Amino acid sequence: MTRTALVTGAASGLGRLAAQRLAAAGWDVVAVDRDEDGLAATAPRSPNTRTRACDVADAAAVASVVAETGPVHRVVHAAAVSPLVPALEQPLDEVERVLRIDFLGTVNVVRATLPEMLERDRGELVLFSSLASWMPAPGSSAYAAAKAAINAYAETLRLEHRHSAVRIRVVCPRQVDTPAFRAALAANPGLTGGLKPMAPGAVLDAVDRSLAARDGLYVFPDALTRTLVRVKRHAPGLAARLLGKVAAAD
């Protein structure tokens, strides 16, 4: 049976690697991004990858791509923007842009793909959130808020469709070594707080393990991420001190 994957944010970073890995595994891949040049670099010689320029914040454009694609068996929704600006200094139009792309973009992708999965009672919906949704860091207010909204949205979807066999995953990695992260790090060398970022492949490996095991809603891709989330839940004062050290390194 032909399996089709829709991958957003596929012009670079996690989205690009996810699209390439799925294509190498024999999936038919529809790679989506606003960056047409980046998409061309994602699939220069892949016969089973189609690229589509699309802004996930545009609900009609997303619906059009999905209608053209046909039944989707796996969604990997990695499209996001993450400007780092102190909350009171971030222009309102940029806050709105982050929410439109990161949260409403997620809603658009889900609404375009999940109903057909539910009808077939089969499919995999992988949404990328972030550790920032659990532990917002200085400068991440709009991004962290959008990612926290994704968590709440996905939890609601899972409750509403708890009897369905469709697998929903929300991936919450800490900092990942992507071009966008490296650009942010160049502008703010204290961004990591001294921690080495995760390799994109390790994040996607964790997603694959979670889907195979049929476990849980959330995917925390490594031991450090899981530890940090537990610290936030059970020792919020310690979490605040840790984040304070990151802020002090700026």
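Structure shown above.
From a predicted model like this one, the values you see are computed outputs, not experimental measurements.

### As for helix H7 (residues 200–213)
In a regular helix each residue adds 1.5 Å, so 14 residues correspond to 20 Å; H7 covers 20 Å between its end C-alpha atoms and thus fits that length. Those residues of H7 lying buried are Pro200, Gly201, Val203, Leu204, Ala206, Val207, Ser210 and Leu211. Where H7 is buried, its residues touch helix H1 (13–24), strand S4 (74–77), strand S5 (124–128), strand S6 (167–171) and strand S7 (218–219). Arginine 214 lies just past H7 and shows a positive phi near 60°.

### Quick word on unusual backbone geometry
The backbone of aspartate 121 shows a phi angle near 55°, a positive value even though the residue is not glycine. Residue position: aspartate 121 is located in the loop between helix H4 (92–120) and S5.

### Here's the deal with the packing of aromatic side chains
Counted under the stated rule, the structure contains four aromatic pairs. Ring centres of phenylalanine 103 and tyrosine 153 lie 5.9 Å apart, and the angle between their planes is 90°; on these two criteria the pair is classed as edge-to-face. Within this pair, whereas phenylalanine 103 is found in helix H4, its partner tyrosine 153 is found in helix H5 (residues 141–160), the two being separated by 50 residues in sequence. Where tyrosine 218 meets phenylalanine 220, the ring centres are 5.9 Å apart and the plane angle is 15°; that geometry is what we call stacked. Neither residue differs from the other here; tyrosine 218 and phenylalanine 220 are each classed as buried. Chaining the aromatic ring pairs together yields one cluster made of Trp134, Tyr218 and Phe220.

### With respect to the environment of arginine 34
Topologically, arginine 34 is positioned in the loop between strand S2 (28–33) and helix H2 (36–42). In this structure the C-alpha to C-alpha distance between arginine 34 and threonine 8, which are 26 residues apart in sequence, comes to 9.3 Å. Look past the residues within four positions of arginine 34 in its chain and what remains in contact with it is Cys54, Asp55, Val81, Arg97 and Ile101.

### Observations regarding the sheet that holds S2
Read from one edge to the other, the open sheet built from seven strands follows the order S3-S2-S1-S4-S5-S6-S7, with strand pairing classed as parallel. Of all strands in the sheet, those bounded by a partner on one side alone are strand S3 (49–53) and S7. Bridge analysis of S2 against S3 gives five bridges, and the strand direction is parallel. Opposite valine 30, over in S3, you have arginine 50 as the bridge partner. On top of the sheet, H4 reaches strand S1 (4–8), S4 and S5; it is set at about 175° to S4, its chief contact.

### With respect to the pattern of salt bridges
Under the defined criterion, the tally for this structure stands at eight salt bridges. Across the salt bridge formed by arginine 167 and glutamate 124, the nearest N and O atoms sit 3.9 Å from each other. In this pair, arginine 167 is assigned in strand S6 and glutamate 124 in strand S5, connecting sequence segments 43 residues apart. Judged by relative accessible area, glutamate 124 falls into the buried class, the value being 14%.

### Here we look at helix H8 (residues 223–234)
The first and last C-alpha atoms of H8 sit 16 Å apart over twelve residues, in line with the 16 Å expected at 1.5 Å per residue. Buried within H8 we find Thr225, Leu228, Val229 and Val231. Looking straight down H8, one finds its buried side chains confined to an arc of 155°; they lie on one side.

### Some details on the packing of H1 against H7
Running from amino to carboxyl end, H1 crosses H7 at an angle of 60°, the nearest separation of the two axes being 10 Å. Judged on the interaxial angle alone, H7 and H1 are oblique. As for how H1 packs across H7, the hand of that crossing is right-handed. Here H1 contributes Leu14, Leu17, Ala18 and Arg21 to the contact with H7, which in turn contributes Pro200, Gly201, Val203, Leu204, Asp205 and Asp208. Considered class by class, the residues forming the contact of H1 with H7 number six nonpolar, one polar and three charged.

### Points about the nonpolar core
Core analysis: the biggest nonpolar cluster contains 41 residues, and Leu6, Leu114, Leu125, Trp134 and Tyr218 have the highest contact counts within it. Going through the elements one at a time, S2, helix H3 (59–69), H4, S5, H5, S6 and H8 are the ones with two or more residues in this core. No other element matches H4, which puts eight residues into this core. The residues contacting leucine 6, other than those within four sequence positions of it, are Val30, Val32, Val65, Val66, Val72, Arg74, Val75, Val76 and Thr113. Core analysis: the next-biggest nonpolar cluster, separate from the first, contains 26 residues, Ala19, Leu22, Ala23 and Leu211 among them.

Quick notes on the rules
- Per-chain numbering applies: the sequence of each chain, read as written, is numbered from 1 onward.
- Only residues with pLDDT of at least 70 are given local features in this predicted model, and only at 80 or more are side-chain atom pairs given and counted; all residues enter the totals for whole chains, interfaces and linings.
- Side-chain descriptors were evaluated using all non-hydrogen atoms of the structure, hydrogens and water having been removed beforehand.
- Runs of E in the DSSP output that reach at least two residues are strands. Runs of H or I that reach at least four are helices, and both are numbered from the N terminus.
- For a helix, the expected span equals 1.5 Å multiplied by the residue count minus one.
- Throughout, exposure labels follow a simple rule: accessible area from a 1.4 Å probe, protein chains only, divided by the maximum for the residue type, with under 20% read as buried, over 50% as exposed, and the rest as partly exposed.
- Pairs of residues are marked as contacts when any of their non-hydrogen atoms sit within 4.5 Å.
- For Phe, Tyr and Trp, where Trp contributes only its six-membered ring, two rings pair if their centres lie within 6.5 Å, and the inter-plane angle classes them as stacked under 30 degrees, edge-to-face over 60, or tilted in between.
- What makes two strands pair is DSSP finding at least two bridges between them.
- Axis definition: a line fitted to C-alpha atoms, over the contacting stretch in the case of helices. Angles run 0 to 180 degrees between N-to-C directions.
- Each salt bridge in this description consists of a side-chain nitrogen of Lys or Arg and a carboxyl oxygen of Asp or Glu lying within 4 Å of one another.
- What the arc describes is the spread of directions from the helix axis to the C-beta atoms.
- Throughout this description, any angle smaller than 35 degrees is read as roughly parallel, any larger than 145 degrees as roughly antiparallel, any in the 65 to 115 degree range as roughly perpendicular, and the remainder as oblique.
- We call a crossing left-handed when the near helix sits turned anticlockwise from the far one by less than a right angle, and right-handed when that turn is clockwise.
- Any residue outside Ala, Val, Leu, Ile, Met, Phe, Trp, Tyr, Cys, Pro, Asp, Glu, Lys and Arg is labelled polar, Gly included; the first ten of those are nonpolar and the last four are charged.
- What is meant by a nonpolar core is a set of buried Ala, Val, Leu, Ile, Met, Phe, Trp, Tyr and Cys residues, joined one to another through side-chain atoms within 4.5 Å.

In short, geometric facts, not functional conclusions.
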